[in-house]
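Architecture at a glance
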Amino acid sequence: MHFKLRVFPIALAALFIALPAGAAKPPAIPALTPDGITHHRLALGGRTLAYTARAGTITLRNGDDQPIARVFYTAYTLDGADPSKRAVTFIYNGGPGSSTMWLHMGSLGPKYVETAGDTHLPGAPYKLIDNTDSLLDVSDEVFIDMPGTGFGRMAGKDAPKAFWGVDQDAEAFARFIARFLAKYSRWNSPKFLFGESYGTTRSAVLADILENEKNIDLNGVMLLGEVFNVPIAMGVGGAKPGMDLPYELSLPTYAATAWYHKKLSPQPPALDPFLKEVEDFAMGEYMHALAEGNNLSDAEKQSVAAKLHDYTGLPVDYLIKADLRVNGSEFQKTFDDQEDLTTGRYDTRFLGPTLDPLSQGAQYDPQSSAISSAYFSLVNLYLRQNLKYGDGQTYLPDALFDGSRWNMSREGARGNFSSATGLNVSADLAEAMKTNPRLKVMVNDGYYDLATPFFAAEYEEEHLPIPASLTKNIEYDWYEAGHMAYVRDECRKQLHDRVAAFIKSADSTQ
């Protein structure tokens, strides 16, 4: 999870976490704390794996060799493995401004927070379970909390400027990875990135920096909940007058939601063929209707509204009033309005009581409210009790921005044009793929993800500025889940199996 929004305006802030004013300033960099090193065993794939967990920090320094940040990480390494043949995967969430407690505690690590179902979890005590779908069977794992989150801290009054921006953040991660490779002699290991949400945005820029500035070839880049091109992302930088693509790319997610909640009549028997029909409509008749703008006739508008109703369950009169354009927040609020229920943003399988029945859009995310307490509670217990790190320290799930803003502008010639609402890092990943034609890319997304819709991710990848010969390096994997596909048990297993197969295919030692 990464977008810690409670209100979702159609603006850039809706992509990323809220950047609250008036929060406490980032604390000064603390004294170095010894790493927590512990040894464990995990039953996985019919065998018992012995592994070492290391929780600690890596120090980043400025040009004067002064420490400016300690970046917190947790690494899991298989005991007895040859590091020159053992893959290592660097894993992180996004925000921007989020720690990596979500991926760490829910996805491919050795433990996961139990979150079965699509409703609000019961109160504590929560359950932390051995993860039989951990990635440790094929790769060592390094979960990285971005500077200023987790147990990591930054120093100096200019620390936000040094780390909180598209290029600054990616450069910090590149420096961390280079330091990790040097510290633990992993230079010759097969190397992978795994980013979620804004972590996919980071991955595009980071991959380019590693490939073309740090001389570090990657074997593969794995993306979960992709967002590269902010202007086409519904509820992010898109959905402005004259910019209709976000509506078209979000429509399949609306339809998947209606299918899941059985709001369609007749109910399509299978999801995948139904979504293919919706995708064809979205990029055909629907796209044409929206392109007509004010020239669209009343009869045509009525016909398209009727089809949208058939695909989404939204009332025809509402669709007409909305001029056939319903943004993500409005969909969340209106989808189950008759029951006064708001639909989840990260995962539209989740429903929760509407805060204000008269509001135009959603005012919170039921999925975030359903699971956040469990994740935050258990990451605090697990790191201290199991991994022996963090006593006397405060774990920050999100950065304390103190009114600062994430710098969305780009520096130098890297990437393509961006402004506060025009960020597009597609060219960064394209450059990494062109300069390393063996680089493999894996796209993962959930059908019920309204934060970063799966059809938008597919569109972004299909419009990367790469030669046709490199498109074979891109793999697509969809899940009947939301933004955090691993929250659903069946999908966490699918994610493991597909990621493991991807790593094996991209690992030259296999």
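This brings us to the overall build of the protein chain. Across its full length, the protein chain carries 13 helices and 14 strands. Taken against the 2.2 N^0.38 rule, which gives 24 Å for 510 residues, the C-alpha radius of gyration of the protein chain at 22 Å falls within 12% of a compact globule. Over its C-alpha atoms, taken along the principal directions, the protein chain stretches across nearly 70 × 50 × 50 Å. For the protein chain, buried positions account for 60% of its 510 residues. For the protein chain, the proportion of contacts with a sequence separation of at least 24, taken over those separated by at least 6, is 72%. Roughly 19,200 Å² of accessible area belongs to the protein chain as shown, and the carbon and sulfur atoms make up 52% of that amount.

Across all of its chains, the model carries 27 aromatic pairs by this definition. Ring geometry for Phe331 and Phe335: centres 5.2 Å apart, planes at 35°, overall tilted. Note on Phe331: relative accessible area 0%, which makes it buried. Ring pairing ties together the aromatic residues Tyr73, Phe90, Phe176, Phe180 and Tyr184, which thus form one cluster. In this structure, Arg202 packs its charged tip against the face of Phe173, placed 4.0 Å from the ring centre. Above the plane of the ring of Phe335 lies Lys263, whose end atom (NZ or CZ) is 5.9 Å from the centre.

In this section: the packing of helix 5 (residues 245-260) against helix 12 (residues 454-462). Each pair of packed helices can be described by the angle between their axes along with the distance between the axes. Interaxial distance between helix 5 and helix 12 falls to 7 Å at its minimum, and their mutual angle equals 125°. Put simply, helix 5 runs oblique to helix 12. In this structure, helix 5 contributes Leu245, Glu248, Leu249, Pro252 and Thr253 to the contact, and helix 12 contributes Phe454, Phe455, Ala456 and Tyr459. When the residues that make up the contact of helix 5 with helix 12 are grouped by side-chain class, the tally is seven nonpolar, one polar and one charged.

A few words on the pattern of salt bridges. When charged atoms on two side chains of opposite charge get close, those side chains can pair. According to the stated counting rule, one finds 23 salt bridges in the structure shown. Arg186 serves as the salt-bridge partner of Asp140, at 2.8 Å between the closest nitrogen and oxygen. Linking Asp140 in strand 7 (residues 139-144) with Arg186 in the loop between helix 3 (166-183) and strand 9 (191-196), this pair joins segments that are 46 residues apart in sequence. The class for Arg186 is buried, based on a relative accessible area of 5%. Note that Lys214 and Glu171 form a salt bridge whose closest N and O atoms lie 3.1 Å from each other. Taken together, the residues Lys214 in the loop between helix 4 (198-212) and strand 10 (220-224) and Glu171 in helix 3 connect sequence positions 43 residues apart. Residue Glu171 is classed as partly exposed on the basis of its relative accessible area, which comes to 22%. Because the salt bridges share partners, they merge into one network encompassing Asp244, Lys301, Asp323 and Arg325.

This brings us to the pairing of strand 3 (residues 67-78). Where burial is concerned, most of strand 3 is hidden: ten out of the twelve residues are buried. As judged from the eleven bridges shared by strand 2 (residues 47-61) and strand 3, these two strands associate in the antiparallel manner. When the bridges of strand 3 are listed, Thr52 appears paired with Thr77. Hairpin connection of strand 2 to strand 3: five residues between the antiparallel strands, including Asp65 at a positive phi of 65°. Here strand 3 runs beside strand 8 (residues 153-154); their pairing, made up of two bridges, is antiparallel. By the bridge assignment for strand 8, Arg70 is matched with Arg153. Of the pairings in the sheet, the one linking strand 3 to strand 7 comprises four bridges and is antiparallel in character. Across the sheet, residue Tyr73 finds its bridge partner in strand 7, namely Ile144.

Let's shift gears to the environment of Trp102. You can see Trp102 is positioned in helix 1 (residues 101-106). As a C-alpha pair, Trp102 and Pro246 span 144 residues in sequence and 27 Å in three-dimensional space.

Helix length check: helix 4, at 15 residues, gives a terminal C-alpha distance of 21 Å against a target of 21 Å (1.5 Å per residue), a fit within 8%. Across the 15 residues that make up helix 4, a large majority, 14, are buried.

The subject of this paragraph is helix 7 (residues 298-312). Counted at 1.5 Å a residue, the expected span for helix 7 with its 15 residues is 21 Å, and the 21 Å between its end C-alpha atoms agrees. Taken together, the buried positions of helix 7 are Lys301, Val304, Ala305, Leu308, Tyr311 and Thr312. On an axial view of helix 7, the arc spanned by its buried residues comes to 120°, and they lie on one face. In the core, the buried residues of helix 7 are packed alongside helix 5, helix 6 (271-292) and helix 8 (316-321).

What counts and what doesn't
- Residues numbered from 1 in each chain as written.
- Predicted model: local features only at pLDDT ≥ 70, side-chain atom pairs only at ≥ 80, totals over all residues.
- Heavy atoms only, no water.
- Helix = DSSP H or I, 4+ residues; strand = E, 2+ residues; numbered from the N terminus.
- Rg over C-alpha atoms; globule rule 2.2 N^0.38 Å.
- Buried < 20%, exposed > 50% of the residue type's maximum accessible area, 1.4 Å probe, protein only.
- Contact = heavy atoms within 4.5 Å.
- Areas by Shrake-Rupley, 256 points an atom, 1.4 Å probe, with all protein chains shown as cover.
- Phe/Tyr/Trp six-rings, centres within 6.5 Å; stacked < 30°, edge-to-face > 60°.
- Lys NZ or Arg CZ within 6 Å of the ring centre and 35° of its normal.
- Axes fitted to C-alpha atoms, helices over the stretch in contact; angles between N-to-C directions.
- Parallel < 35°, antiparallel > 145°, perpendicular 65-115°, else oblique.
- Nonpolar A, V, L, I, M, F, W, Y, C, P; charged D, E, K, R; others polar.
- Salt bridge = Lys/Arg side-chain N within 4 Å of Asp/Glu carboxyl O.
- Pairing = 2+ DSSP bridges.
- Expected span 1.5 Å × (residues − 1).
- Arc of directions from axis to C-beta.

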